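Spelled out, the chains give:
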Amino acid sequence: MTTKAKLTLTPEQETLLITLYVKAQRSNPLFVDQTARDILDQVDYDIARLRVPYMTVLLVCQRAKKLDAVARDFLAQHPQAVVLQLGCGLDGRFWRVDDQHVDWYDLDMPPVIELRGQFFPASQRYHMIAASVTDMDWMDEVTAGGRPVMVVAEGLLMYLGEADVRRLVLRLHEAFPGCRLIADVFSRLMARSATQHPSIRQTGATIGWGIDDPRDVEAWAPALRLLEEWYFTDDPDLARLPLGYRMAYRFAGAFKMVQRAHRIVYYQL
C-alpha cells in the first residue's frame with residue numbers, strides 16, 4: 001500500500017489544495033491537468049472538506065489556462081528566457097509550457113517546497129526556492145544574466161497586504177528591469193468579501209489586497225505599464241460550458257463591477 005504524503009501547512013498555504021483539486025477535475029471542459037490528478041491521489045487530505053463550488057472550478061481553470069497561454073507566448077517571443085513563479089504551490093506549469101530552453105524558478109514557503117520536492121524533481125533548468133515571497137532576499141538566488149524575465153503570481157497577491165504587494169513589484173522592477181508580471185487580482189470589494197467563500201472559509205485563510213483600477217500600479221514607478229486587463233468573461237472557450245453557466249457569464253459581462261471582482265492583469269515592470 002502506497003504511503004500518502006502528510007500535510008503540515010498554514011491556512012494560506014492550505015489554499016494550494018483548492019487549486020490542485022480544481023485542476024484535477026476531469027468534469028471541467030476548459031482545462032484538466034493530469035499531473036494534478038496524480039498528485040491529488042498521493043496526498044493525505046480530506047479534500048471534501050474544502051467544499052469547492054463548481055463555479056470556482058471553472059474560474060481557477062480559466063485562470064490556469066490563460067496564464068499558461070501568456071507564458072507560452074512569452075517564451076515563443078523570448079527564447080532563453082527566465083520565468084519566476086511565485087506561490088507555486090503544487091502547480092506543474094513548467095512541464096505544461098516548457099519550450100526546452102526556459103530557466104524556471106518556482107518559489108513558495110519551505111513546507112510547500114518540501115512537499116513539492118516529493119512530486120517534482122529539480123533539474124538544470126528547473127529550480128525551487130524555499131522562501132517567503134515578501135522576503136526579498138530570495139531574488140539573489142535567481143540568475144537572470146540580462147535575459148528576459150516573466151513573473152507569474154497565480155492566486156497569490158490577494159493574500160498579501162497592499163504594502164507588501166507594492167514592495168514586491170518595486171523590488172522586481174529594480175532586480176529585473178523591464179520584466180513582465182502576470183497575476184490574478186481581486187477588486188477591493190471582492191477582497192473584503194472573499195473570506196466568506198466556502199473553500200477559503202474552511203482553510204481559515206485571510207485576504208488582504210484588492211485593486212479596482214489596475215492602472216493605479218503604474219503610479220508606483222515611472223516605468224511600470226499595464227499591458228492587459230483580462231476578464232474571465234472574455235474567455236473564448238465559454239461556448240463549451242453548459243447553457244446555465246454560459247448565461248451566468250453573459251450576465252456578469254454586462255457589469256464592469258462584476259467583471260473586475262476577479263480578473264487577470266499583465267504588466268511590464
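The structure contained in this document is the topic of the report that follows. (Residues numbered from 1 in each chain as written. Predicted model: local features only at pLDDT ≥ 70, side-chain atom pairs only at ≥ 80, totals over all residues. Heavy atoms only, no water.)

Let's talk about the sheet that holds strand β4 (residues 149-153)
Alright, step 1. The sheet built from seven strands is open, its strands ordered β3-β2-β1-β4-β5-β7-β6 with mixed pairing. At either end of the open sheet lies a strand with only one pairing partner, and these are β3 (126-130) and β6 (225-231). Across the sheet, the mean angle separating the axes of adjacent strands is 20° when strand polarity is ignored.
Alright, step 2. Summarising the sheet, β6 and strand β7 (residues 262-268) pair through six bridges and their orientation is antiparallel. Paired with Glu229 across the two strands is Val265, which belongs to β7.
Alright, step 3. With respect to the sheet, helix α4 (residues 54-77) is in contact with β1 (82-86), β4, β5 (180-186), β6 and β7, its orientation differing from that of β7 by roughly 15°. (Pairing = 2+ DSSP bridges. Helix = DSSP H or I, 4+ residues; strand = E, 2+ residues; numbered from the N terminus. Axes fitted to C-alpha atoms, helices over the stretch in contact; angles between N-to-C directions. Contact = heavy atoms within 4.5 Å.)

Remarks on empty space enclosed by the protein
Alright, step 1. For the coordinates displayed, the defined rule picks out one cavity of 30 Å³ or more.
Alright, step 2. Looking at the largest cavity, its volume works out to about 60 Å³.
Alright, step 3. Lining the largest cavity, in full, are Leu157, Val169, Leu181, Ala183, Val185, Trp209, Ile211, Val217, Trp220, Val265 and Tyr267.
Alright, step 4. Per-element tally for the lining of the largest cavity: the top contributor is β5, with three residues. (1 Å grid on protein atoms, 1.4 Å probe; cavity = no way out; pocket = protein on both sides within 12 Å on 5 of 7 lines; lining within 4 Å. Points joined across faces, edges and corners; volume = space filled by probe spheres on them.)

Observations concerning the packing of aromatic side chains
Alright, step 1. Under the defined criterion, the tally for this structure stands at eight aromatic pairs.
Alright, step 2. When the ring of Trp95 is compared with that of Phe120, the centres are 4.9 Å apart and the planes differ by 20°; the resulting orientation is stacked. Here Trp95, found in helix α5 (residues 93-97), pairs with Phe120, found in the loop between α6 (110-116) and β3; they are 25 residues apart in sequence, far enough to count as distant.
Alright, step 3. By relative accessible area, Trp95 is classed as partly exposed at 39%.
Alright, step 4. Judged by relative accessible area, which is 5%, Phe120 ranks as buried.
Alright, step 5. Three or more aromatic residues link up through ring pairs in this structure, and these residues are Phe94, Trp95, Trp104, Phe120 and Tyr126. (Phe/Tyr/Trp six-rings, centres within 6.5 Å; stacked < 30°, edge-to-face > 60°. Buried < 20%, exposed > 50% of the residue type's maximum accessible area, 1.4 Å probe, protein only.)

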